[in-house]
Amino acid sequence: MISKHKPAPQTQIFSSSAAVINNAHTCINGCTGSGKSVFLNRFIYDLISTTTPEQAELFIIDPKQVDYIEFKNIAHIQGYADNENEWLKLLQYLVKKMNNRYKIIKSERLKQWDGKHAFIIIDELPQVLESKQCTDLIDELLRLGRAARMHIITASQDSSRSTGTPAKLARNFTCFVGLHCRDKVASRQAIGCAGCELLPLYGYAYIYTPSDLQPQLYKIEMVEDDEMKKIIDRRL
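So, a few notes on the structure that sits alongside this text. All figures in this text were calculated on a predicted structure; none of them were measured in a lab. (Residues numbered from 1 in each chain as written. Predicted model: local features only at pLDDT ≥ 70, side-chain atom pairs only at ≥ 80, totals over all residues. Heavy atoms only, no water.)

Details of the overall build of the protein chain
- For the protein chain, the count of helices and strands is eight helices and nine strands.
- Restricting the contact set of the protein chain to residue pairs at least 6 apart, pairs at least 24 apart contribute 71%.
- Just so you have it, the protein chain exposes about 11300 Å², and 49% of that area is on carbon and sulfur atoms. (Helix = DSSP H or I, 4+ residues; strand = E, 2+ residues; numbered from the N terminus. Contact = heavy atoms within 4.5 Å. Areas by Shrake-Rupley, 256 points an atom, 1.4 Å probe, with all protein chains shown as cover.)

The structure is reproduced here in structure tokens:
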């Protein structure tokens, strides 16, 4: 269990290049208003700021249809879906893409894909999982995506009411992000222990990766609108 902890000046500043980009798959949980969209916007900003479209490509499933629309036309974006039919088509395309990468890996006797990374953001995961077809496709991407350098990043409401990430999917994530959760049960489901219920409502997260002995506390800094506009304009 994480002891009661008020964020201190030495709290680490979130850098997605270290905390998310270097992990196979990332699972984000937090209650309403805890900053899941801010976290994902920070991730996207860091990704497109530090990589070229030749190094990384981005796919977004956006059930709310508004949070990531500004990124739709940037060069990194290779797929954007905001309704159920489009989610399914995009996931089918991504599984086909992964399988094609595996064919090349095998034919060239590689240990993993040596081309660009693909990052697949799925916001409001429980809504997408209402489709069994989508669930099965996401499960396949989670199980096999690592060697193909295809990374799933999901966001869910905290799961103390069983609205989070199903266990069969959760076991394939390697990075767990817990924003403010409503209680200890939700925190344990988010990061494996209590503690997220003690975080401020907004702006901080515990992040747990395989290299950590216990979850680490991070401050999640919002990207100012003018800074976001600058990088988007550069990447169009």
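Description of the packing of aromatic side chains
- For the coordinates displayed, the defined rule picks out three aromatic pairs.
- When the ring of Phe43 is compared with that of Phe119, the centres are 5.7 Å apart and the planes differ by 65 degrees; the resulting orientation is edge-to-face. You can see Phe43 sitting in helix α2 (residues 36-50) and its partner Phe119 sitting in strand β5 (residues 117-122), a full 76 residues away along the chain. Residues Phe43 and Phe119 agree in their burial class; the two are buried.
- Between Phe59 and Tyr93 the ring centres are 6.3 Å apart and the planes differ by 50 degrees, which places this aromatic pair in the tilted class. In this pair, Phe59 sits in strand β3 (residues 56-61) while Tyr93 sits in helix α3 (residues 84-107), placing the two residues 34 residues apart along the sequence.
- We classify Phe59 as buried; its relative accessible area is 0%.
- A residue is classified by how much of its surface remains accessible, and Tyr93, at 41% relative accessible area, is partly exposed. (Phe/Tyr/Trp six-rings, centres within 6.5 Å; stacked < 30°, edge-to-face > 60°. Buried < 20%, exposed > 50% of the residue type's maximum accessible area, 1.4 Å probe, protein only.)

So, a nonpolar patch on the surface
- A cluster of nonpolar residues, Leu201, Tyr202 and Met222, forms a patch on the protein surface that exposes about 310 Å² of accessible area.
- Topologically, Tyr202 is positioned in the loop between α7 (184-191) and β8 (204-208).
- Note on Tyr202: relative accessible area 39%, which makes it partly exposed. (Patch = residues over 30% accessible without salt bridge, like charges linked within 9 Å, V, L, I, M, F, W, Y side chains within 5 Å. Salt bridge = Lys/Arg side-chain N within 4 Å of Asp/Glu carboxyl O.)

What to know about α3
- Over its 24 residues, α3 extends 35 Å from the first C-alpha to the last, a length consistent with the 34 Å expected when each residue adds 1.5 Å.
- The set of residues buried in α3 consists of Trp87, Leu88, Leu90, Leu91, Leu94, Val95, Lys97, Met98, Arg101 and Ile105.
- Among the structural elements, β3, β4 (77-81), β5, α4 (125-128), α5 (132-144) and β6 (150-157) are those in contact with the buried residues of α3.
- Note on α3: the residue one or two positions beyond its end, Arg109, has a positive phi of about 55 degrees. (Expected span 1.5 Å × (residues − 1).)

Comments concerning the state of the cysteines
- Within the structure shown, the criterion is met by zero disulfides.
- For Cys31, which is in no disulfide, the shortest distance to another cysteine sulfur is to Cys181 and amounts to 6.7 Å.
- Given the relative accessible area of 11%, Cys31 is considered buried.
- In this structure Cys196 is a free cysteine whose sulfur lies 4.6 Å from that of Cys181, the closest cysteine sulfur available. (Disulfide = S-S within 2.5 Å.)

Considerations on the nonpolar core
- Counting residues in each nonpolar core, the largest one holds 38 residues, and the members touching the most others are Ile61, Leu91, Leu94, Ile122, Ile138, Leu141 and Met150.
- Of all the secondary-structure elements, those providing two or more residues to this core are β3, α3, β5, α4, α5, β6, α7 and β8.
- When residues no more than four places from it in sequence are discounted, the contact partners of Ile122 are Ile61, Val128, Ile138, Ile152, Ile153, Thr154 and Ala155.
- Listed in part, the 32 residues of the second largest apolar core include Phe39, Ile77, Ile153 and Ile231. (Core = buried A, V, L, I, M, F, W, Y, C linked by side-chain atoms within 4.5 Å.)

Considering the pattern of salt bridges
- Under the defined criterion, the tally for this structure stands at eleven salt bridges.
- Residue Lys97 is joined to Glu57 by a salt bridge in which the shortest nitrogen-to-oxygen separation is 3.1 Å. In this pair, Lys97 is assigned in helix α3 and Glu57 in strand β3, connecting sequence segments 40 residues apart. No difference in accessibility class separates Lys97 from Glu57, as the two residues are buried.
- Its salt-bridge partner being Lys230, residue Glu227 comes within 3.5 Å of it at the nearest N-O pair. On the criterion of helical spacing, the pair formed by Glu227 and Lys230 is a turn pair, its members being three residues apart in helix α8 (residues 225-235).
- Note on Glu227: relative accessible area 32%, which makes it partly exposed.
- Classification of Lys230 as partly exposed rests on a relative accessible area of 49%.

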